[in-house]
Amino acid sequence: MCEDLSNHNNSKGDVDMPTAVNKIDIALAELLRKNKDKIKSITPSNPPISKDDEWRDEDEWDDLYKELQDK
């Protein structure tokens, strides 16, 4: 999938980091794409809030957000 980057040196003897990072990004994207269904099947999701949920009228975070915006 991805070649060994330890032997991929530029003229100065250092690893070309933009190329190395790009290859890792591509490899990760490919891994996620190939395993999308498996990831979705094992990842928990938040349930919707029901109309009678005790936290439905929670507004403490709204007040905190307003305080932070006013600073």
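Described below are features of the structure shown in this document. Just so you know, these numbers come straight off a predicted model, no measurement behind them.

1. Concerning the overall build of the chain
At step 1: Within the chain, the secondary structure is distributed over three helices and zero strands.
At step 2: Of the regular secondary structure in the chain, the N- to C-terminal order runs α-α-α.
At step 3: A burial count over the chain gives 4% of its 71 residues as buried.
At step 4: For the chain, the accessible surface area stands at approximately 7,000 Å², while carbon and sulfur atoms represent 52% of it.

2. Quick word on a negative patch on the surface
At step 1: Taken together, the side chains of Asp57, Asp59, Glu60, Asp62, Asp63, Glu67 and Asp70 make up a negatively charged region of the molecular surface.
At step 2: Position of glutamate 67 among the secondary structure elements: in helix α3 (residues 60-70).

Thresholds, definitions, all that
- Residues numbered from 1 in each chain as written.
- Predicted model: local features only at pLDDT ≥ 70, side-chain atom pairs only at ≥ 80, totals over all residues.
- Heavy atoms only, no water.
- Helix = DSSP H or I, 4+ residues; strand = E, 2+ residues; numbered from the N terminus.
- Buried < 20%, exposed > 50% of the residue type's maximum accessible area, 1.4 Å probe, protein only.
- Areas by Shrake-Rupley, 256 points an atom, 1.4 Å probe, with all protein chains shown as cover.
- Patch = residues over 30% accessible without salt bridge, like charges linked within 9 Å, V, L, I, M, F, W, Y side chains within 5 Å.
- Salt bridge = Lys/Arg side-chain N within 4 Å of Asp/Glu carboxyl O.
- Lys, Arg positive; Asp, Glu negative; His and termini not counted.
- Charge placed at Lys NZ, Arg CZ, Asp CG, Glu CD.

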